[in-house]
Amino acid sequence: MTSPASATLGVAPWCLHETRFDAERAGLHETLFCLGNGRIGLRGAHEEGDCWPGTDQDATYLNGFHDEEDIAYAENAYGLARLHQFLVAVPNAKAIAWHIDGEAFDPSSGRIEDYARSFDFRSGLLTRSLVWISPRGRRVAVRSTRLVSLERETVCALRYEVQVLDGPARIAIESFIDARAHDIEASDDPRAGSAHAAKSLVEVSAERREQQVLLLHRTKRSAMHVASAMHTSAWHLATGPLEPQDAGIAGCLGHRFDTELRQDETLRLDKFFGLMDTQHHPAEDLPALLGRAVAQAVQAGFEQLCAEQAAYLDRFWQDADIEIEGDDALQQGMRFNQLHLLQSVGRDGRTNIAAKGVTGSGYDGHYFWDTEIYVFPMLLHTQPQIARRLLEFRYHTLDAARARAREMSHAQGALFPWRTISGPECSSYFPAGTAQYHINADIAFAVKRYWEVTGDDAFMLAHGAELVFETARIWMGLGHFQQGRFEDGSTRRYCIHTVTGPDEYTALVDNNFYTNAMAQMHLGFASELMQWLAQQYAGQLLKLQLRIGLDLREAETWQEAARHMYLPYDAERGVHPQDDGFLAKPLWPFDGTGDASGKGGPPKRPLLLHYHPLVIYRHQICKQADVLLALLLLGDQFGLEDKRRDFDYYEPITTHDSSLSRCIFGIIASEVGYPDKAYAYFADGVRADLDDHHRNSRHGVHTAAMAGAWMGVVAGFAGLRMRRRMPIFTPTLPAGWQRYSFKLRLADAQLQLDIRASGCTYRLLEGNWLAFRHGGQTVVLGGDRLDITLALPSRPDTAAAPAPASPAAALH
């Protein structure tokens, strides 16, 4: 069984359990124990705040709530990104402080015993219990339970109990909203968040309404407004309710309760708090709307909110759970990842899912291509209604993408930003930002896959077709036809110059394999989509033509470019070069052996923190999967032997400095017959955050790696591929597992797979019928046959395969 890296975190299939407080890992645990609902993110710092040693970011975030600043360039150039957007922490309404006989609770001055904290994946509750022995020797038991409501998107709740264990004492407890600015540590790590975010909020108003506190703030530059509200009640459990008193200092507003407790008596405090911003409502309406939402939560009561949370998650797990029998640590990791994805993903069509979700300020809360290529597949097959909302987000930022295209000298079409929050390009480093034109094809691929899986014609008519057409136009302004006699016998090919593919350790190259292959897919799909509209919905197509100035003849040029798209291939080595010049570069020389293995001394990782970009760019070294990602997404275009040779070539020269990499290598390893490697890559990725493999999870989780774990099971071990609208499975059982099981949404059907050594059982749980392929066999479920068990198909046998040539041997 896989072992967790942290001795303070226990392994259990349905929860994350912290067995003792560890100040050195407090920042990491703030991330891991974060609660969210797609809109609100409540980091797992303790209710009592920074009196706990090691407190890193005691922060609350709203998905998409940001400020902005001009990007300063000492040496300017036309078309560089001008505006930097960054996630801003909003007021912290979970804050608690208390005293016993005048002694303030302070873990660093007293002693903590019987500490335990648990994040339950089925209830969605974060619970904590401890006993504090004060410097004067008083013993107090403290219990807390918090939630961020998945059912009520603006509401959170906290129950906090103080029990005196050793005789009578006077307890004073304060519940407040903390809106003070807390400094964020500046960092040279580009993956960390902006230190400017700490001082971006300005108070607009503060008021009390009986037991409710309401604050309104705005950001300095973006002028976004956020309202925070809190209602607190407290009881002496033996004698009844306590009267609130006003309390507060500069930047903090709340209530205070005092009572006398005898031995073993308890004070209970319930606080309901909420957040609402101008992404969804006008500023002037926020206090009234939020006040009403919090009042309704108070009326429902804490137990009701807990029941709603459990019911919501029960429905989620009914669709999304992946069961693994044979490794509890990996089972825990899978469920931890899936729940954090649910907690982080915007589901309103106006927000997306950030690289760090709602768990931290890493990458400044920006949205990337991670959404479409990594996160989208899991949501598409388990929560398709949320998947659609993510595509709607791209549609709602289409005008900003059109404006960016004009800045980049494209006369028509739309160019989506590499990183953004509300639509503009926020990447100040264009070689690894704007140059990643493949973002357009990534979005088109997600639209294509969504349509194939759901059959949602209404979406294509309202949003999808326009997204696909406008993004496809960019390729015609970016690439060009090249004439000549080429080594493959062709006389004409379509080339795309000066772009960057997924591998950010190689930039501004000609004919990046992934970019060209995805552009080919994109252009072909756009042409087919135009034909479908002309045949089925000519009226809607005409309206779209008039709105975006679309000429039907454009589809002919798209087809021509797709037909002649140049995909680099080295016949001598039998591999696909990552770009035109990649194979001519020397191997990485700085780890002592000429490759990325690091033998002979520990390598410096990640390279981006130790070497100038030009040093990295001029070598054959990869940050992440590039060619291999194209082989996965467009796998039906490439043979198995080509995939194996590409895997053998790129594996030794890939550092996996990106958390997006290992899952892709694992899936391809499984496909080409390297089961041990496939499992090792999968196991590493599943617990990337739980075990802090990249040493930066304190800044937030890695949502793409989390989703990549789902892909590792479904696309890797179960072998799911979509060929048009036909699902294809080639399931295997990893060594050491007794079984695994999961469910997929496919059009109107839901299919369950249960894989054991004895075979794979397919069950049609919803829908009239479903056709799919198991290995080479076509299967139809429906009518009288709702399930079938089939022997596991064989995967490639690599035992007889010749030993692959190393990259060094190929070069020399």
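This one's a predicted model, so the numbers in the text were calculated from it and none came from an experiment.

Two numbers describe a pair of packed helices, the interaxial angle and the distance between the axes. With their axes 9 Å apart at the nearest point, helix H4 (residues 328–344) and helix H18 (residues 703–717) run at an angle of 125° to one another. Classified by the interaxial angle, the pair formed by H4 and H18 is oblique. For the crossing formed where H4 meets H18, the hand is left-handed. Of H18, the residues touching H4 (which contributes Met334, Phe336, Asn337, Gln338, His340 and Leu341) are Thr703, Met706, Ala707, Ala709, Trp710 and Val713.

A word on the sheet that holds strand E30 (residues 777–782). The sheet built from four strands is open, its strands ordered E24-E25-E29-E30 with mixed pairing. Each of the sheet's edge strands pairs with one partner strand only, and the pair in question is strand E24 (721–723) and E30. For this sheet, the mean angle separating the axes of adjacent strands, direction not counted, is 35°. By the bridge criterion, three bridges tie E24 to strand E25 (residues 726–729) in an arrangement that is antiparallel. Its bridge partner being in E25, Arg721 is matched across the sheet by Ile728.

It is worth spelling out helix H3 (residues 302–320) at this point. One turn of an α-helix holds 3.6 residues; hence residues three or four places apart share an orientation. Over its 19 residues, H3 extends 27 Å from the first C-alpha to the last, a length consistent with the 27 Å expected when each residue adds 1.5 Å. Taken residue by residue, H3 has Phe302, Leu305, Cys306, Glu308, Gln309, Tyr312, Leu313, Phe316, Trp317, Asp319 and Ala320 as its buried positions. All buried residues of H3 fall inside an arc of 165° around its axis, so they share one side.

Attention shifts here to helix H17 (residues 675–686). Relative to the 16 Å expected for twelve residues at 1.5 Å per residue, H17 spans 16 Å between its end C-alpha atoms, a close match to the ideal helical length. Those residues of H17 that sit buried are Ala678, Tyr679, Tyr681, Phe682, Ala683, Gly685 and Val686. Next to the buried residues of H17 lie H4, helix H15 (640–650), helix H16 (662–672) and H18.

In this structure, Trp98, Trp369, Tyr374, Phe469, Phe742 and Tyr762 are the most contacted members of the largest nonpolar core, which totals 203 residues. The element contributing the most residues to this core is helix H10 (residues 513–536), with 13 residues. Residues within four places of Trp98 in sequence aside, it is in contact with Glu103, Ala104, Phe105, Trp132, Val140, Val142, Tyr160, Val162, Ala172 and Ile173. Among the nonpolar cores identified, the runner-up in size contains 18 residues, and Ala227, Leu290, Phe302 and Cys306 belong to it.

A separate point is the side chain of His217. Its place among the elements puts His217 in strand E15 (residues 212–219). With relative accessibility at 3%, the residue His217 sits in the buried group. If we skip the residues at most four places from it in the chain, His217 touches Pro91, Ala179, Leu201, Val202, Glu203, Val204, Met224, His225 and Val226.

Quick look at the packing of aromatic side chains now. All told, the structure shown has 43 aromatic pairs when counted by the stated rule. Through a chain of ring-to-ring contacts, three or more aromatic side chains come together here, namely Phe21, Trp52, Trp98, Phe105, Tyr115 and Trp132. In this arrangement the basic side chain of Arg117 is found over the ring face of Phe33, its NZ or CZ atom lying 4.3 Å from the centre.

Let's shift gears to the packing of H16 against H18. With their axes 9 Å apart at the nearest point, H16 and H18 run at an angle of 10° to one another. Regarding the angle of H16 to H18, the classification is roughly parallel. Taken together, the residues of H18 that come into contact with H16 (itself represented by Cys663, Ile664, Ile667 and Ser670) are Gly708, Met711, Gly712, Ala715, Gly716 and Phe717. For the contact of H16 with H18, the class distribution of residues is six nonpolar, four polar and no charged.

Once that is clear, we can look at the confidence of the model for the protein. Considering every residue of the protein, the mean pLDDT works out to 94; 94% of them sit at 70 or more. Confidence drops under a pLDDT of 50 for residues 592–598, and excluding neighbours within four residues, the segment shows 15 contacts in the predicted structure. Contacts of residues 799–812 to residues separated by more than four positions or lying in other chains number 14 contacts, the stretch itself having pLDDT below 50.

Now for the sheet that holds strand E27 (residues 749–756). One open sheet accounts for five strands, arranged E21-E26-E27-E28-E31; its pairing is antiparallel. Two strands in the sheet have a free side with no partner beyond their single neighbour: strand E21 (323–325) and strand E31 (787–790). When the angles between neighbouring strand axes are averaged without regard to direction, this sheet yields 15°. Inspection of the sheet shows E21 paired to strand E26 (residues 739–746) by three bridges, in the antiparallel sense. Along E26, the bridge assignment pairs Glu325 with Arg739.

In this section: the environment of Gly455. Structurally, Gly455 is set in the loop between helix H8 (438–454) and helix H9 (457–478). Relative accessible area serves as the criterion here: at 31%, Gly455 is assigned to the partly exposed category. With 291 residues separating them along the chain, Gly455 and Leu746 place their C-alpha atoms 9.2 Å apart. Apart from residues lying up to four places away in sequence, Gly455 is in contact with Tyr450 and Arg725.

Looking now at unusual backbone geometry. Of note, the amide linkage connecting Arg605 to Pro606 takes the cis form, showing an omega dihedral of -10°. Counting through the fold element by element, Pro606 comes out in the loop between helix H12 (554–563) and helix H13 (613–617). Positioned with a positive phi, Asp101 is a non-glycine residue whose angle comes to about 50°. Within the secondary structure, Asp101 is located in the loop between strand E7 (92–100) and strand E8 (103–104).

With respect to the helices, strands and loops of the structure, Glu265 is situated in the loop between strand E19 (252–261) and strand E20 (266–277). Side-chain polar atoms of Glu265 contact the backbone nitrogen of Arg262, separated by 2.8 Å. Those residues within four positions of Glu265 in sequence are excluded, and the remaining contacts are Val162, Gln163, Val164, His236, Ala238 and Glu260.

What follows deals with the state of the cysteines. Disulfides are covalent bonds that link the sulfur atoms of two cysteine residues. Tallied over the entire structure, the rule returns zero disulfides. This cysteine, Cys622, is not joined by any disulfide, and Cys663 carries the nearest cysteine sulfur, 15 Å off.

This part covers the pattern of salt bridges. Per the stated rule, a full pass over the model turns up 62 salt bridges. The closest approach of N and O atoms between Glu308 and Arg152, which form a salt bridge, is 2.8 Å. With Glu308 in helix H3 and Arg152 in the loop between strand E11 (139–148) and strand E12 (155–164), the pair connects residues that are 156 residues apart, well separated along the chain. Taking the relative accessible area as the measure of exposure, Glu308 reaches 14% and is therefore buried. In this structure, Glu466 and Arg547 form a salt bridge, with 2.6 Å as the shortest nitrogen-oxygen distance. Of this pair, Glu466 sits in helix H9 while Arg547 sits in helix H11 (residues 538–548), placing them 81 residues apart in sequence. Given the relative accessible area of 5%, Glu466 is considered buried.

About the criteria used
Residues numbered from 1 in each chain as written. Predicted model: local features only at pLDDT ≥ 70, side-chain atom pairs only at ≥ 80, totals over all residues. Heavy atoms only, no water. Axes fitted to C-alpha atoms, helices over the stretch in contact; angles between N-to-C directions. Helix = DSSP H or I, 4+ residues; strand = E, 2+ residues; numbered from the N terminus. Parallel < 35°, antiparallel > 145°, perpendicular 65-115°, else oblique. Left-handed = near helix turned anticlockwise from the far one by under 90°. Contact = heavy atoms within 4.5 Å. Pairing = 2+ DSSP bridges. Expected span 1.5 Å × (residues − 1). Buried < 20%, exposed > 50% of the residue type's maximum accessible area, 1.4 Å probe, protein only. Arc of directions from axis to C-beta. Core = buried A, V, L, I, M, F, W, Y, C linked by side-chain atoms within 4.5 Å. Phe/Tyr/Trp six-rings, centres within 6.5 Å; stacked < 30°, edge-to-face > 60°. Lys NZ or Arg CZ within 6 Å of the ring centre and 35° of its normal. Nonpolar A, V, L, I, M, F, W, Y, C, P; charged D, E, K, R; others polar. pLDDT = per-residue confidence, 0-100. Polar contact = N/O pair within 3.5 Å; in protein donor to acceptor, adjacent residues only side chain to side chain. Disulfide = S-S within 2.5 Å. Salt bridge = Lys/Arg side-chain N within 4 Å of Asp/Glu carboxyl O.

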